[in-house]
Amino acid sequence: MYIERVSLKNIKGFDEIELDFSGTDGGHSGWAVITGDNGSGKTALIKSICMAVLGPDDSRVLLTDLRGWVSDGQDSGSISVEVKPDHEFDRTAKGGFRVKSTFWAEIEFAREGGSWSVSSADINRNKKKGAFNGPWSVGTPGWFLLGYGPFRRLYGSSPDAQRLMVIPGRVPRVATLFKEDATLGECEQWVKQLNYKKLEEQESEKIALESLLNILNDDFLRQGVSVNGVNSEGLWLKDSAGRTMPLSDMSEGYRSALAMLIDIFRHMVDVYGAVELVARDDEGHFYVNRPGVVVIDEIDSHLHPAWQREIGFWLKRHFPLIQFIVTTHSPLICQAADRGRIFHLPQPGTGARAFRLTEQDFNSVIAGKPDQILISPAFGLPYSRSPRAVQANKAHARLRAKQIAGKISESEERELEQLKLFVN
């Protein structure tokens, strides 16, 4: 499954927005990036994608309070997502969707008396039942969708959030995106279970664990850090100095990144099975050869700039059939975007519309330096230097003009000399 288009009307801060997530070559897998200032609606957009694909029933589970989803002053709002099924893996209960076509998954929020409701909508689908028979239907094969919020923690889940993570169906796959206190603690438990069942010589669990460790140790953790092994206490890592330590002792950056990667893999095993899930390319890298959609909010959270620069390329190499849709405040994350897919959301109320970068601007981002990317339309900063440096530059220009005119004082000469730091 892939996301073709997304259209929102009267949702959160969006009066109306439509974005095409297919690439310039018509492809869907790879790295799509959404930028925008705080409050521009990045999180609302990717939550909307998940809710439309999951359907109204699961949306009610995720949103215990529907207030605030419809734009202020409106009585209804709609989310429409055009879905492209994979003809090999995505199926209806009766085995449909073998042809390459798209359909619309659409939900609507509406006021009913003094409360709000969410239900299916028919804006673009023309009464066709694609969503009802596919991703909205319980137990249908395929339809791989994961969603991660900015708090991708291993520990500290509340009891309510923990119950959400273990209920049957697709809801746990997007729980951290909707619940800040939901954690990815299940992934470490899953790895421990795999190790236990491997010791009992259960073949599928043995394949799953070996495949996971092969991927994890293909330089995902960087700086010479690798997974040393698994036992009843959990994952153990080894650093470049050869010291072993439990995952719980690692920094939040390591824990959150590793937890998310394990979680992606365990859900792929759950949907597709472990056998033939992982292959190896000509360069010796292990990769997962199954399709799907993974949305990640603030993927740069907790990551060092060096890791921000590399994580998109790493994930694309090891999950080449996955469509990643990520939000970010980091110019380094944008450099992994491909097929022209960098989108910018303006602040609500400015009158500006969301847009995809032009080919020229996109090329300048993926080939540019971070400071160049920050002043591109992807971020729209008027300048990349600090306010202090900008003011110093202006002061230097003013004093230099006085110096040339021969009207500068002795104290101004000293100030001019100090300001050369910011000019040079």
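Anything mentioned here points back to the structure above.
Notes on the structure in this doc start here. Everything numeric in this text was worked out from a predicted model, so none of it was measured. (Residues numbered from 1 in each chain as written. Predicted model: local features only at pLDDT ≥ 70, side-chain atom pairs only at ≥ 80, totals over all residues. Heavy atoms only, no water.)

1. Observations concerning the overall build of the chain
Stage number 1. For the chain, the count of helices and strands is 14 helices and 16 strands.
Stage number 2. The C-alpha atoms of the chain give 24 Å as radius of gyration, which agrees with the globular expectation for 424 residues (22 Å, within 12%).
Stage number 3. C-alpha extents for the chain along the principal axes are approximately 85 × 60 × 45 Å.
Stage number 4. The buried share of the chain, taken over its 424 residues, is 53%.
Stage number 5. Contacts in the chain between residues at least 24 apart in sequence constitute 68% of all its contacts with a sequence separation of at least 6.
Stage number 6. Put simply, the chain shows about 19,800 Å² of open surface, and 47% of that area lies on carbon and sulfur atoms.
Stage number 7. Here the chain carries 51 positive and 55 negative side-chain charges, and the mean point of each set is 3 Å from the other. (Helix = DSSP H or I, 4+ residues; strand = E, 2+ residues; numbered from the N terminus. Rg over C-alpha atoms; globule rule 2.2 N^0.38 Å. Buried < 20%, exposed > 50% of the residue type's maximum accessible area, 1.4 Å probe, protein only. Contact = heavy atoms within 4.5 Å. Areas by Shrake-Rupley, 256 points an atom, 1.4 Å probe, with all protein chains shown as cover. Lys, Arg positive; Asp, Glu negative; His and termini not counted. Charge placed at Lys NZ, Arg CZ, Asp CG, Glu CD.)

2. Here we look at the packing of helix H7 (residues 203-216) against helix H8 (residues 252-272)
Stage number 1. Their axes nearest at 11 Å, the elements H7 and H8 cross at an angle of 145°. In this structure, H7 crosses over H8, and the sense of that crossing is right-handed. Between H7 and H8, the contacting residues are Ala208, Ser211, Leu212, Ile215 and Leu216 on the first element and Leu258, Leu261, Ile262, Phe265 and Val269 on the second.
Stage number 2. A breakdown of the residues in the contact of H7 with H8 according to their chemical character gives 9 nonpolar, 1 polar and no charged. (Axes fitted to C-alpha atoms, helices over the stretch in contact; angles between N-to-C directions. Left-handed = near helix turned anticlockwise from the far one by under 90°. Nonpolar A, V, L, I, M, F, W, Y, C, P; charged D, E, K, R; others polar.)

3. Overview of the sheet that holds strand S9 (residues 234-238)
Stage number 1. Across the sheet, 3 strands lie side by side as S8-S9-S10; this open sheet has antiparallel pairing. A strand with exactly one partner marks an edge of an open sheet, and here the two such strands are strand S8 (226-231) and strand S10 (244-246). For this sheet the average axis-to-axis angle between neighbouring strands, irrespective of direction, equals 30°. (Pairing = 2+ DSSP bridges.)

4. A look at helix H1 (residues 42-54)
Stage number 1. Between its terminal C-alpha atoms H1 stretches 19 Å, which fits the 18 Å expected from 13 residues at 1.5 Å a residue.
Stage number 2. Of all 13 residues in H1, 12 are buried; the element is thus mostly enclosed.
Stage number 3. Residues of H1 that are buried include every one of Lys42, Ala44, Leu45, Ile46, Lys47, Ser48, Ile49, Cys50, Met51, Ala52, Val53 and Leu54, and no others. (Expected span 1.5 Å × (residues − 1).)

5. Structural notes on the state of the cysteines
Stage number 1. Across all of its chains, the model carries 0 disulfides by this definition.
Stage number 2. The thiol sulfur of Cys187 is not disulfide-bonded, and the nearest other cysteine sulfur, from Cys50, lies at 18 Å.
Stage number 3. On the basis of relative accessible area, Cys187 is assigned to the buried category, the value being 1%.
Stage number 4. Free cysteine: Cys334, not disulfide-bonded; nearest cysteine sulfur from Cys50 at 20 Å.
Stage number 5. For Cys334, a relative accessible area of 0% translates into the label buried. (Disulfide = S-S within 2.5 Å.)

6. A look at the sheet that holds strand S4 (residues 76-84)
Stage number 1. Reading across from one edge, S2-S1-S4-S5-S6 is the order of the 5 strands in this open sheet, with antiparallel pairing throughout. Each edge of the open sheet carries a strand with a single partner, namely strand S2 (14-20) and strand S6 (115-120). Adjacent strand axes in the sheet meet at a mean angle of 10° when their direction is disregarded.
Stage number 2. Here S4 runs beside strand S5 (residues 103-112); their pairing, made up of 8 bridges, is antiparallel. In the sheet register, Ile79 faces S5, and the bridge partner there is Ile107.

7. A short note on the layout of surface pockets
Stage number 1. Taken as a whole, the largest pocket spans an internal volume of roughly 640 Å³.
Stage number 2. Lining of the largest pocket is provided by 32 residues; of these, Pro168, Gly169, Arg170, Arg173 and Asp270 occupy positions nearest its centre.
Stage number 3. Elements represented by at least two residues in the lining of the largest pocket include exactly helix H2 (56-62), helix H4 (159-166), helix H6 (185-199) and H8.
Stage number 4. The element contributing the most residues to the lining of the largest pocket is H8, with 5 residues.
Stage number 5. Taken together, the residues of the lining of the largest pocket break down into 15 nonpolar, 10 polar and 7 charged.
Stage number 6. Taken as a whole, the second largest pocket encloses approximately 330 Å³ of empty space. (1 Å grid on protein atoms, 1.4 Å probe; cavity = no way out; pocket = protein on both sides within 12 Å on 5 of 7 lines; lining within 4 Å. Points joined across faces, edges and corners; volume = space filled by probe spheres on them.)

8. A few points about the nonpolar core
Stage number 1. Grouped together as the largest cluster of nonpolar side chains are 121 residues, with contacts concentrated most on Phe21, Trp31, Phe109, Phe319 and Ile325.
Stage number 2. Per element, the largest residue contribution to this core is 12 residues, and it comes from H8.
Stage number 3. Apart from the residues within four sequence positions on either side, Phe109 is in contact with Ile11, Met51, Leu63, Leu66, Trp69, Val70, Asp75, Ser76, Gly77, Ile79, Ser117 and Val118.
Stage number 4. Formed by 8 residues, the second largest nonpolar core is a distinct cluster that contains Ala389, Ala395, Leu399 and Phe422. (Core = buried A, V, L, I, M, F, W, Y, C linked by side-chain atoms within 4.5 Å.)

9. A look at the packing of aromatic side chains
Stage number 1. In this structure the tally under the stated criterion is 12 aromatic pairs.
Stage number 2. Both rings, one in Phe89 and one in Tyr272, keep their centres 5.3 Å apart while their planes meet at 75°; by these two values the pair is edge-to-face. Placement of Phe89 in the loop between S4 and S5 and of Tyr272 in helix H8 is noted, with a sequence separation of 183 residues between them. Assigned by exposure class, Phe89 and Tyr272 land together as buried.
Stage number 3. Both rings, one in Phe132 and one in Trp136, keep their centres 4.9 Å apart while their planes meet at 75°; by these two values the pair is edge-to-face.
Stage number 4. Aromatic rings pair up to connect Phe220, Tyr254, Trp307 and Trp314 into one cluster.
Stage number 5. Here the basic side chain of Lys129 rests over the ring of Phe132, its NZ or CZ set 4.8 Å away from the ring centre. (Phe/Tyr/Trp six-rings, centres within 6.5 Å; stacked < 30°, edge-to-face > 60°. Lys NZ or Arg CZ within 6 Å of the ring centre and 35° of its normal.)

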